[in-house]
Amino acid sequence: MTGALAADLSRLIGSGSVSADRQQIERYSGDALGVYRAFRAAPRMEAKAKVVVWPTCTEHVSSILKYAQSSRVAVVPYGGGTGVMGAAAPVHDCIILNLQRMNTVLDVDSRDMSARLQPGVVLEDAYAAFRGQGLLMGHDPWSRPIATVGGAISTNGMGYLAAKYGSMGEQVLGMEAVLPDGEVVRSSGVPKPSYGPSLNSLLIGTEGTLGVVTEATLRAFPLPEKQVIRGFDFPDFESGFNAVAQLYAEGVRPAMVDYGEEFWPEGGDTKDGATLFLAFQGFREDVDAHLARSLDICGRFYGRLGDQKETEKFWETRHASAERYRQQVLLSDRPSEARRNRSSYRMDYLHVALPTSQVLNYRKKCQGIFQHHRVVVREWSLWARPEFFSFLILREDDAAANEDPPDMADVVDQVLRLAQQMGGSMEYCHGVGLKLAHLMTDEPGIGLKAAQAIKKALDPNLILNPGKQMG
Ligand SMILES: Cc1cc2nc3c(=O)[nH]c(=O)nc-3n(C[C@H](O)[C@H](O)[C@H](O)COP(=O)(O)OP(=O)(O)OC[C@H]3O[C@@H](n4cnc5c(N)ncnc54)[C@H](O)[C@@H]3O)c2cc1C
């Protein structure tokens, strides 16, 4: 069966673009979600793909999907394999649709302030191409060196500059995509379409379940004439949180907001209080005015300017975790083992969105849940906006206590459900994937039933990335 599938696909797109080799399949089976951190989704991560294909053009993608639809074979799109929710994890007997060879920057236009790119362009290369034309790309995640344009659109990722430029989805002006039945469709690359639902909103953040992005037209911004970055130390989390909320209340728009309080008692980076990093970019007068008002607001909430060298080091090393991931996993001979070893059933890093007025109350309720379950918090943080609230948690395993350790899956579900109940969303950064699919029923939005109806209309045989966010 594998041989027949590979032979059929080779006839469609050429034998050099198809592999049924076990090592190749293993390399592209799964993203950065290690099995231990998958909790309830762990058993579904056992699924094995049958074949990997590397289309080099839109027609290839279209013929693969037409073939898959008629022969009822599942297809899982794969970009850089850096997602953290298992959205690119294989399903049983699937074709892995690896988009890495569609990696051309087609055009960067400084008059239209936009760029057209194929989906497999790595964000770092996109960033460099924008820069080459005196332009800035607005999406700058930790994973810039390793994630792709198509993956970032499909997860609607967030980056360091999201405070000013928005999420990856907000960068998208237009796109070309292949629908699950193989039909090629395009949206225009102008800022406002005439009607809804737009192709862009169908594909942004839907994790490759409704179509495959084969080209994207992204916004470009002027390279900033001036950039400044400042660090502020606050006595406690609440003071800094209130300062960030006040920045927004007074209309201050930093390019970056990165705020956190860390606790690493075994000798990590812990220091008393919390640190806020703010960056400002733009033309000189605008930057100076935003900085002046921010200094005033932070001062009102007991923020004091921090060490400037540390602040600059923070900015310069912001992509270091991606470089480590590249070395430890992507370049490893045994990537799936490396992914598993990096994950832990004791730890999780959660990123919820809440109305600003609910964040501190939510944090307090979470503290109660964590105390009850002997889970400790290593970090509370905000990214980009006061609404985007993250926390890194660790289960305490105290052998001497002679008690069963708490179930991390339960604790994680409790706090994510709490965010939904308090008017928020369970994830603002990484999507849903396999890991959080079981919580979709209560996620506010269009509603799971309506989303599934759209999925069924576009993909009647449910072949495109099945079992992910829409179930
Ligand atoms: C060290 C590290 C740091 C990270 N930092 C950040 C961060 O700062 N911000 C952030 O948002 N995320 C971050 N992530 C998560 C990850 O980088 C993002 O989710 C990223 O957007 C995924 O891109 P990718 O190309 O790797 O996609 P993949 O993981 O390959 O795929 C992600 C999803 O998109 C689908 N997909 C891929 N390409 C296409 C396409 N062309 N058409 C349709 N569907 C497609 C896949 O099927 C899957 O559902 C980080 C991950 C790591 C390992």
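Cut-offs and rules
- Counting restarts for each chain: residues are numbered from 1 in the order of the written sequence.
- Local features in this predicted model are restricted to residues of pLDDT 70 or higher, and side-chain atom pairs are both shown and tallied only at a pLDDT of 80 or more, whereas totals for entire chains, interfaces and linings draw on every residue.
- Processing note: side-chain calculations cover all non-hydrogen atoms of the structure and skip hydrogens and water entirely.
- Lines fitted to C-alpha atoms define the axes here, with helix axes fitted over just the stretch in contact, and angles between the N-to-C directions of these axes take values from 0 to 180 degrees.
- Here a helix means four or more residues in a row that DSSP labels H or I, a strand means two or more in a row labelled E, and each is numbered from the N terminus.
- Should an angle fall under 35 degrees it is taken as roughly parallel, and over 145 as roughly antiparallel, whereas 65 to 115 is taken as roughly perpendicular and any remaining angle as oblique.
- Each helix crossing is assigned a hand: it is left-handed if the near helix lies turned anticlockwise from the far helix by less than a right angle, otherwise right-handed if that turn is clockwise.
- What makes two residues a contact is simply this: any of their non-hydrogen atoms within 4.5 Å.
- Under this grouping Gly is polar, as are all residues other than the nonpolar Ala, Val, Leu, Ile, Met, Phe, Trp, Tyr, Cys and Pro and the charged Asp, Glu, Lys and Arg.
- The cut-offs for exposure are 20% and 50% of the maximum accessible area for each residue type, with area from a 1.4 Å probe on protein chains only; residues under the lower value are buried, those over the upper are exposed, and the others partly exposed.
- Each reported salt bridge corresponds to a side-chain nitrogen of Lys or Arg within 4 Å of a carboxyl oxygen of Asp or Glu.
- Throughout this document, a residue counts as near a molecule or strand when at least one of its heavy atoms sits within 4 Å of that molecule or strand.
- For the accessible areas, the method is Shrake-Rupley and the probe is 1.4 Å, while residue cover comes only from the protein chains on display.
- The charge count includes Lys and Arg as positive and Asp and Glu as negative, but it does not include His or the ends of the chains.
- Within 3.5 Å is the distance limit for a polar contact, defined as a pair of N or O atoms, with the added protein rule that one can donate a hydrogen and the other accept it, and that residues adjacent in sequence qualify only through two side-chain atoms.
- To pair, rings of Phe, Tyr and Trp, with the six-membered ring standing in for Trp, must have centres within 6.5 Å; the planes then decide the type, stacked if under 30 degrees apart, edge-to-face if over 60, and tilted in the middle.
- Where each domain starts and ends follows an automatic or database-derived domain assignment.
- Defined in terms of a 1.4 Å probe, buried area is the accessible area two parts forfeit on being brought together, summed over both.
- Put simply, buried Ala, Val, Leu, Ile, Met, Phe, Trp, Tyr and Cys residues joined by side-chain atoms within 4.5 Å make one nonpolar core.
- Paired strands are those between which DSSP finds at least two bridges.

Draft legend 1. The packing of helix H13 (residues 359-372) against helix H14 (residues 408-421), seen in detail. It is at 11 Å that the axes of H13 and H14 come closest, and there the two elements cross at 160 degrees. What the angle tells us is that H13 and H14 run roughly antiparallel. Crossing of H13 over H14 shows right-handed handedness. Along the contact surface, H13 presents Tyr362, Lys365, Cys366, Ile369 and Phe370, while H14 presents Val411, Gln414, Val415, Leu416, Leu418 and Ala419. Across the contact of H13 with H14, the residue classes tally to nine nonpolar, one polar and one charged.

Draft legend 2. Representation of unusual backbone geometry. The step from Gly196 to Pro197 runs through a cis peptide bond, and the omega angle for that step is 0 degrees. As for its position among the elements, Pro197 is in the loop between strand E9 (184-186) and helix H7 (199-203). Phi at Phe39 is positive, roughly 50 degrees, even though this residue is not glycine. Structurally, the position occupied by Phe39 is in the loop between helix H2 (22-27) and strand E2 (51-53). Judged by relative accessible area, which is 16%, Phe39 ranks as buried.

Draft legend 3. Spotlight on the pattern of salt bridges. Inspection of every chain in the model, using the stated rule, returns 23 salt bridges. The residue Arg186 makes a salt bridge to Glu215 at a minimum N-O spacing of 3.1 Å. Pair noted here: Arg186 is in strand E9 and Glu215 is in strand E10 (residues 212-219), with a separation of 29 residues, a long-range link. Using a relative accessible area of 8% as the deciding quantity, one classes Glu215 as buried.

Draft legend 4. Highlighting the site of the ligand. In the vicinity of the ligand there are 38 residues, among which Pro77, Thr82, Ser143, Thr148 and Met158 approach most closely. The protein chains hide 96% of the 970 Å² of surface that the ligand would expose on its own. Secondary-structure elements contributing two or more residues to the shell around the ligand are strand E3 (75-78), helix H5 (149-155), E10 and helix H11 (320-330). Here the shell around the ligand gets five residues from one element, more than from any other, and that element is H5. Split by residue class, the shell around the ligand holds 19 nonpolar, 17 polar and two charged.

Draft legend 5. Summary view of the side chain of Glu379. With respect to the element layout, Glu379 can be found in strand E17 (residues 375-383). Arg378 provides the closest opposite charge to the buried, salt-bridge-free Glu379, at an N-O distance of 9.8 Å. A distance of 3.0 Å separates a polar atom in the side chain of Glu379 from a polar atom in the side chain of Ser381.

Draft legend 6. Layout of the side chain of Thr206. The residue Thr206 is located in the loop between H7 and E10 in this model. Here Thr206 falls in the buried class, since its relative accessible area comes to 11%. Here the side chain of Thr206 touches Leu202 through a polar contact of 2.7 Å, landing on its backbone oxygen. Setting aside its immediate chain neighbours within four residues, Thr206 contacts Ser154, Gln469 and Met470.

Draft legend 7. The packing of aromatic side chains, seen in detail. Considering all chains together, one arrives at 20 aromatic pairs under this definition. Their ring planes at 80 degrees and their centres at 6.3 Å tell us that Tyr36 and Tyr345 sit as a pair that is edge-to-face. One end of the pair, Tyr36, is in the loop between H2 and E2; the other, Tyr345, is in the loop between helix H12 (335-342) and strand E16 (347-353), with 309 residues separating them in the sequence. Note on Tyr160 and Trp383: the rings are 5.2 Å apart at their centroids and 80 degrees apart in plane angle, and the pair reads as edge-to-face. Placement of Tyr160 in the loop between H5 and helix H6 (162-165) and of Trp383 in strand E17 is noted, with a sequence separation of 223 residues between them. Residues Tyr160 and Trp383 agree in their burial class; the two are buried.

Draft legend 8. Region of interest: the domain arrangement of the chain. Structurally, the chain comprises domain 1 (2-100), domain 2 (105-222), domain 3 (226-306) and domain 4 (344-457). Taken over C-alpha atoms, the centre of domain 2 sits 29 Å from the centre of domain 3. If you look at the interface, domain 2 gives seven residues, while domain 3 gives ten residues. Around 590 Å² of area is buried between domain 2 and domain 3 when both sides are counted, 49% of it from carbon and sulfur atoms. Contact with domain 3 buries surface across domain 2, with Tyr160, Ala163 and Lys164 losing the most and accounting together for 76% of the total. Where domain 2 touches domain 3, the interface holds zero salt bridges. For the pair domain 2 and domain 3, the number of links is two residue pairs in polar contact (both at pLDDT 80 or more). Here the side of domain 2 that touches domain 3 gets four residues from one element, more than from any other, and that element is H6.

Draft legend 9. A look at the nonpolar core. Counting 104 residues, the largest nonpolar core has Val149, Ile153, Leu218, Tyr362, Phe370 and Phe391 as the members making the most contacts within it. When neighbours within four sequence positions are excluded, Tyr362 is seen to be in contact with Val352, Leu354, Phe389, Phe391, Val415, Leu416, Leu418, Ala419 and Met422. The next biggest cluster of nonpolar side chains, apart from the first, holds 22 residues, and it includes Ile64, Val73, Val212 and Leu464.

Draft legend 10. Broad picture of the sheet that holds strand E4 (residues 95-98). Ordered in space as E1-E2-E4-E3, the four strands form an open sheet in which the pairing is mixed. With partners counted over all chains shown, the strands left at the sheet margins are strand E1 (18-19) and E3, one partner each. Taken together, the four bridges between E3 and E4 define a ladder with parallel strand orientation. Residue pairing in the sheet places Tyr78 in a bridge with Asn98 of E4. Contacts from helix H1 (residues 2-13) reach E1, E2 and E4, with the element oriented near 10 degrees to E2.

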